[in-house]
Amino acid sequence: MWNTNWREQIWQNLDQPWDIVVVGGGITGAGILREATRLGLKTLLVEQRDFAFGTSSRSSKLVHGGLRYLKQGKIGLTQASVQERQKLQESAPGLVDPLGFLLANEKGSGQRREKWLVRAGLSFYDLVALQWSHRYYSPQDVWMLAPRLNVQDLAGAFHYFDAQTDDARLVLRVIREAVAAGGTAVNYTAAVDLIREEGQVVGAMLQDRESGRKKAVRAKIVINATGAWADDLRQKVDQEPKLRPLRGSHLIFPQWRFPIAQAVSFNHPLDGRFVFIFPWDGVTLVGTTDVDHSEELHHEPHITPGEVAYLMAAVEARYPSLALMLDDVLATFAGVRPVINTGKADPSAESRDHVVWTENGLLTVTGGKLTTFRLIALDALKAARTALPKMPKIDEDAPALDEVTEDLPARLPEATRQRLIGRYGREADDLVKAAQPGELVTIPNSNVLWAELRWAARNEGIVHLDDLLLRRVRLGLLLPKGGAQFAEQIQAICQAELGWDDGRWAEEWNAYQERWLAKYSLPPKETIPNWHSMLQKPETTPVVVEKEGVGRTAVAGGLLGAAFALILFYLGLRRRS
């Protein structure tokens, strides 16, 4: 699909009329490309860095309904998220997989009220998915489920199910399936300006970030799907900024050092925010912070010393017996979320709903959740209908991902077959056939096959080495020092596939290592506050306390009413079946 000269071929054919130009190669842009291509619209997607370079490779890796949104009364958002989660699990096992959660219920004056509210929320959660899987456990049972967990201050915990994914692989699968269906996507191509006629946007000026060349492209509509960067394009059509970039940072530990069988979510001891710890792709992930991102958006985000201490304090409070230290941290990552700025003092209180704006011919879609990317894409296309009056009717029930009917050779373990099919879709069989002897085994201390490196280098649009190691196969998150101990093996497999000489390879490897140290490792240890003292003196840290009262009672009542209605609906379905 993307051979050695694929970017050159696309650039040679850019100056043609397009129905849609999508700016932004994250999950929102990918979803729009996929759905527009499904409708037969001539669609071009451009991304100024690599596909999924921004937020869509730095999310919390969860495909979830969002219990926290229920507490804010966002019943519709939660319902849509749960339904989309179910669809993704059904269409992409191995890429979107179930994840058990333990949700801690702490002792205290509001304990019973919180338990009632969470029970109502989980009842709604399950019934939307037409299942009943949540359960409440005593502290003793919780300790049996999570042996290292500190349960001394717990009244109990709820167990329920959500899902997790490899976010960057999800983006790439959606894009590649769109390209296979007739769409066009190119990375390292920036929309540096908009073309306007009579005040209305009619195209974009594109620049190749590698060569510097430029080309004007025209389209019936330009869709700004650049996430946290959306205000940059909006300002080119004379609009005021509306977004509040929020940073979410994470720590990654090796699973042997931080063994955990399911996700655990609890209130942070310092400010009461929900944080989580869960197993992901052979490692243990801890997150997330939710703070205003004041740095320049065009600089790659990274975890700050204060965020490291905040997350380590959460780990220490719930898993003190493990005595985890900074030397145990395998990697870090930080992403910037786009939320609409309403001026709330607490960043976590800002709405995660998506918005669609049409301003002087530029259609902007931003906000929202990874889980609902398909619905966001459909909303954007509905808003584009005024510019595309001949657009076919949208099939709201079409799956986000193509069905895969082929299986892989039985000599591969079942878990490996499912993982490959989930991440690579219909291309999984070609990946296996392209493997050289000895490459259908996992890279030590990871779930990644050596063959995945060869496939990605040959076929997946690699421009720089970090595209490969941070977003295609994720070794930069899964192995110490970004996989440096396997530098020779990686070079032996990938250099010839990429067509790089020794000088280019050395340059790319050095650039990758510099990026990993600056953006995916810990800050200098001497700059990180002492989280032990933070836990000993909680009174010195501002505490965000969620107000109890009429609002939460109303939310709980609404949830119970909705759950009751869903029970009746569920029973009706059971009778008919």
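In the block above lies the structure referred to throughout.
Criteria and cut-off values
- Residues numbered from 1 in each chain as written.
- Predicted model: local features only at pLDDT ≥ 70, side-chain atom pairs only at ≥ 80, totals over all residues.
- Heavy atoms only, no water.
- Helix = DSSP H or I, 4+ residues; strand = E, 2+ residues; numbered from the N terminus.
- Rg over C-alpha atoms; globule rule 2.2 N^0.38 Å.
- Buried < 20%, exposed > 50% of the residue type's maximum accessible area, 1.4 Å probe, protein only.
- Phe/Tyr/Trp six-rings, centres within 6.5 Å; stacked < 30°, edge-to-face > 60°.
- Lys NZ or Arg CZ within 6 Å of the ring centre and 35° of its normal.
- Axes fitted to C-alpha atoms, helices over the stretch in contact; angles between N-to-C directions.
- Left-handed = near helix turned anticlockwise from the far one by under 90°.
- Contact = heavy atoms within 4.5 Å.
- Nonpolar A, V, L, I, M, F, W, Y, C, P; charged D, E, K, R; others polar.

Peer 1: Sorry, what's going on with the overall build of the protein chain here?
Peer 2: Across its full length, the protein chain carries 19 helices and 18 strands. Relative to a compact globule of 577 residues, whose C-alpha radius of gyration would be 25 Å, the protein chain shows 24 Å and is just as compact. Taken along its principal axes, the extent of the C-alpha atoms in the protein chain is 65 × 55 × 55 Å. Each of the 577 residues in the protein chain was classed as buried or not, and the buried ones make up 59%.

Peer 1: Please clarify how the packing of aromatic side chains should be interpreted in this entry.
Peer 2: Think of a pair of aromatic rings as described by two things: how far the centres are apart, and how the planes are tilted against each other in angle. Applying the stated criterion across every chain yields a total of eleven aromatic pairs. Ring geometry for phenylalanine 101 versus tyrosine 160: centroids 5.3 Å apart, planes at 20 degrees, classification stacked. One end of the pair, phenylalanine 101, is in strand S4 (residues 96-106); the other, tyrosine 160, is in strand S6 (residues 154-165), with 59 residues separating them in the sequence. In this structure, phenylalanine 101 and tyrosine 160 share a single accessibility class: buried. When the centroid spacing of 5.8 Å and the interplanar angle of 85 degrees are considered together, the rings of tyrosine 125 and tyrosine 160 count as edge-to-face. A residue pair is termed long-range when its members are at least 10 positions apart, and tyrosine 125 in helix H5 (residues 111-128) and tyrosine 160 in strand S6 qualify at 35 residues. For the pair tyrosine 125 and tyrosine 160, one class covers both residues: buried. It is lysine 61 that lies over the ring of tryptophan 280; its NZ or CZ is 5.4 Å from the centre. The lysine or arginine in question, lysine 115, covers the ring of tyrosine 136, its NZ or CZ lying 4.0 Å from the ring centre.

Peer 1: I tried to follow the packing of helix H2 (residues 27-38) against helix H10 (residues 373-383) on my own but got confused; where do I start?
Peer 2: Packed helices, taken two at a time, are described by the angle between their axes plus the distance between the axes. Contact geometry of H2 with H10 gives a least axis separation of 8 Å together with a crossing angle of 60 degrees. Like other packed secondary-structure pairs, H2 and H10 cross with a definite hand, here right-handed. Counted together, Ile27, Thr28, Gly31, Ile32, Glu35 and Ala36 of H2 and Phe373, Arg374, Ile376, Ala377, Leu378, Ala380 and Leu381 of H10 form the full contact between these two elements. Considered class by class, the residues forming the contact of H2 with H10 number nine nonpolar, two polar and two charged.

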